[in-house]
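Listed below are the residues making up each chain.
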Amino acid sequence: SFHRGKELFNEMLEKGISPNVVTYTCLMHNLCKLGQWKEATAMLDGMAERGIRPDVVAYTGLIDGLCKDGRATEAMELLTLMIEKGEEPSNITYNILINGLCKEELITDAYKILEMMIEKGKRPDVVTYNTLMKGLCNNGDVDEAMKFFNSILKDKSYVEPDVMTFNMLIQGLSKEGRLDEAAKIHHKMVERSFGNLVSYNILIGGYLKAGNIDKAMELWKQVLDLGFIPDSFTYSIMIDGFCKMHMVSIAKGLFSKMGARGLSPTLFDYNTLMATLCKEGSLEQAKRLFQEMSNAKCEPDVVSFNTIIDGTLKAGDCQSSKDLLMDMLQMGLAPDALTFSTLINRFSKRGQLDEAKSVLGRMVACDFTPDAFIYDSLLKGLSSKGETEEIINLLHQMAAEGVVLD
RNA sequence: UGAUUCUAUUGC
């Protein structure tokens, strides 16, 4: 455990054993994984005090920690700092930044990093291109990703494509419902003996979402015939697919058949099923699943709570939802933006506007930014009560926050 | 001895 690691670290210091860069990097990396990037960054000072010079790996680890926490701008500052200190960023450093910027939809900045690395004499590698392609797909520019893909396949002087290069594009196309194109890319992979379970998982999900059960089942058979072992992804993708097609009984069947393959249902499976059961009015069954989770050693997470809280509120059971919220806090789970959103939405619909406004206040106090959906819920609630003045206040607040209704 | 990229869940 990380706690034990920290203890050992302190013991080292007490015994006069000096930690080296690697010791620090390990600690900082693990702090980042726990979301403690602030503490991790502070360790740079600790290193300086001991006269230890952070190297590329140390800086890169921190940059990754910042990026994974959605702080690409701060990560860029750290890049500047490391360069100032005379540390040369590696391909990995640049790749991490490209990934972080893409995740925040800063594609233009990601391209700038690409240019920067080339200027500094680095050759973008297959990870660089895979990362960029994924960024483009997630920002609605699958066609641009396709251009990169085609260039890579045509011009051998780029990089040698790998399984992920293909899968990024299959995923991008599949998410847009462009399944014929996705299947074509998949065929190209198979020709290269790049066949793998992830591609099948993506395609099975894509076909199910498109309502093409036959095609999805054909792929499932192929998976088995080819000797691939379906994994948790395969199951949760299918369970979700069937749930979304309102075929809950098939989803339940898959859920119970996982054990036969040595797999246990994951949080994804429980959460998906609970959401569907709530939506279909089977709150009691959802609640039973929720209870089952702890017994199955699959402890509910924020998503589970959000789902079941929404279900109980929708059914008009305010008391249970408040109890659940308390349970969640007691378990040490922090509410997320959707927890607040769920509460505001349901309270507004029930005409409990004071409750809704109080949740909004708590949300803002927790540093979350209310989105258009939340304002929409509140406005609808207020207008059904004819609270004209409040509506105007809220519209002003929205304008000030730059939130636009869609 | 330490750093990067693929597939799954919640409100409308």
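Everything below is about the structure printed above this text.
Per chain, the residues get numbers from 1 upward, laid out in the order the sequence is written. Working convention: letters from A go to chains and numbers from 1 go to ligands, in the order in which they are written. Residues qualify for local features only when their pLDDT is at least 70, as the model is predicted, and side-chain atom pairs are given and counted only at 80 or more; totals for whole chains, interfaces and linings, by contrast, use all residues. Computation of side-chain values: all heavy atoms of the structure, hydrogens and water removed.

Pairs can form between side chains of opposite charge whenever their charged atoms are close. Salt bridge criterion: a side-chain nitrogen from Lys or Arg within 4 Å of a carboxyl oxygen from Asp or Glu. The tally for this structure, following the rule as stated, stands at 19 salt bridges. A salt bridge links Arg 71 to Glu 74; the nearest nitrogen and oxygen atoms lie 3.3 Å apart. Classification of Arg 71 by relative accessible area gives partly exposed; the value is 30%. Think of it in three bands: residues with accessible area under 20% of the maximum for their type are buried, residues over 50% are exposed, and the middle band is partly exposed, with areas taken using a 1.4 Å probe on protein chains only. Residue class for Glu 74 comes out partly exposed when judged on its relative accessible area of 29%. With its nearest N and O atoms 2.6 Å apart, the salt bridge here joins Asp 240 to Lys 244. Placement of the pair is Asp 240 and Lys 244 together in helix H14 (residues 232-244), with a separation of four residues, close to one helical turn. Salt bridges sharing common partners tie together Asp 69, Arg 71 and Glu 74. Segments assigned H or I by DSSP are reported as helices when at least four residues long, segments assigned E as strands when at least two residues long, and all are numbered from the N terminus.

All right, on to helix H12 (residues 197-209) then. What sets the pattern is the α-helix's 3.6 residues per turn: residues three or four places apart point alike. The end-to-end C-alpha distance of H12, which contains 13 residues, comes to 18 Å, matching closely the 18 Å that a straight helix rising 1.5 Å per residue would cover. All buried positions along H12 are accounted for by Leu 197, Ser 199, Tyr 200, Asn 201, Ile 202, Leu 203, Ile 204, Gly 205, Gly 206, Tyr 207 and Leu 208. Where H12 is buried, its residues meet helix H10 (163-175), helix H11 (179-191), helix H13 (213-225) and H14. Counted as a polar contact is a pair of N or O atoms within 3.5 Å, where, for protein atoms, one must be capable of donating a hydrogen and the other of accepting one, and residues adjacent in sequence contribute only when both atoms are in side chains. At the N-terminal boundary of H12, the capping side chain belongs to Asn 196, with an oxygen 3.1 Å from the backbone nitrogen of Val 198. Immediately beyond the C-terminal end of H12, within one or two residues, lies Gly 211, with a positive phi of roughly 80°. The span you would expect from a helix comes to 1.5 Å times its residue count less one. Whether two residues are in contact is decided by their heavy atoms: any pair within 4.5 Å suffices.

It is worth spelling out the protein's contact with RNA strand B at this point. A cutoff of 4 Å decides nearness: a residue is near a molecule or strand if any of its heavy atoms lies inside that distance of it. Looking at RNA strand B, there are 48 residues lining it, with Thr 25, Met 168, Ser 236, Ser 341 and Phe 373 nearest. Contact distances for RNA strand B include 3.0 Å between a base oxygen and a side-chain N or O atom of Asn 201. The biggest single contributor to the surface near RNA strand B is helix H4 (residues 56-68), with six residues. Ten residues, namely Ala, Val, Leu, Ile, Met, Phe, Trp, Tyr, Cys and Pro, are considered nonpolar, four, namely Asp, Glu, Lys and Arg, are considered charged, and the remaining ones, Gly among them, are considered polar. Within the surface near RNA strand B, the residues separate by chemical class into 19 nonpolar, 19 polar and ten charged.

Here the focus is the packing of aromatic side chains. By convention, a stacked pair of Phe, Tyr or Trp rings (six-membered ring in the case of Trp) has centres within 6.5 Å and planes under 30 degrees apart, an edge-to-face pair has planes over 60 apart, and any other such pair is tilted. Applying the stated criterion to the full structure yields eleven aromatic pairs. Measuring from centroid to centroid gives 5.9 Å for Tyr 129 and Phe 148, while their planes differ by 45°, and the two rings are tilted. Of this pair, Tyr 129 sits in helix H8 (residues 126-138) while Phe 148 sits in helix H9 (residues 142-154), placing them 19 residues apart in sequence. Classification of Phe 148 as buried rests on a relative accessible area of 14%. Taken together, the ring pairs in this structure connect Tyr 111, Tyr 129, Phe 148 and Tyr 158 into an aromatic cluster.

Right, let's talk about the environment of Ala 183 for a bit. Secondary-structure assignment places Ala 183 in helix H11. For Ala 183, a relative accessible area of 17% translates into the label buried. Residue contacts for Ala 183: discarding those within four places in its chain leaves Leu 203 and Tyr 207.

All right, on to empty space enclosed by the protein then. Regions of empty space are outlined by a rolling probe, equal in size to a water molecule, passed over the atoms. Using protein atoms alone on a 1 Å grid, points that fit a 1.4 Å probe yet trap it form a cavity, whereas open point sets bounded by protein on both sides within 12 Å along at least five of seven lines form a pocket; residues with an atom within 4 Å of a point count as lining. Grid points are joined across faces, edges and corners, and a volume is the space filled by probe spheres set on the points. For the structure on display, the rule yields one cavity of 30 Å³ or more. Considering only enclosed or pocket space, the largest cavity measures out at about 50 Å³ in volume. Lining the largest cavity we find Ile 152, Leu 153, Lys 156, Val 159, Glu 160, Pro 161 and Arg 192. A per-class count over the lining of the largest cavity returns four nonpolar, no polar and three charged.

A fitted line through C-alpha atoms serves as each axis, taken over the contacting stretch for helices, and the angle formed by two N-to-C directions is quoted from 0 to 180°. Running from N to C, H10 and H12 point in directions that differ by 5°, and their axes come no closer than 10 Å. On the basis of their axis angle, the class for H10 and H12 is roughly parallel. Packed against H10, whose contacting residues are Asn 167, Ile 170, Gln 171 and Ser 174, the element H12 presents Val 198, Ser 199, Ile 202, Leu 203 and Gly 206 at the interface. Partitioning the contact of H10 with H12 into residue classes produces four nonpolar, five polar and no charged. If an angle is under 35 degrees, it is roughly parallel; if it is over 145, roughly antiparallel; if it lies from 65 to 115, roughly perpendicular; otherwise it is oblique.

What follows deals with the layout of surface pockets. Quantified by volume, the largest pocket comes out at close to 580 Å³. Those elements that place two or more of their residues in the lining of the largest pocket are H10, H12, H14 and helix H16 (267-279). Residues that form the lining of the largest pocket fall into these classes: five nonpolar, eleven polar and four charged. Within this model, the second largest pocket holds a volume of roughly 440 Å³. Lining the second largest pocket are 21 residues, and of these Asn 271, Thr 272, Ala 275, Thr 276 and Thr 307 sit closest to its centre. Residue assignment for the lining of the second largest pocket shows that the elements contributing at least two residues are H14, H16 and helix H18 (302-314). The dominant element in the lining of the second largest pocket, judged by the number of residues it contributes, is H16, at eight residues.

The analysis is restricted to geometry; functional conclusions fall outside its scope.
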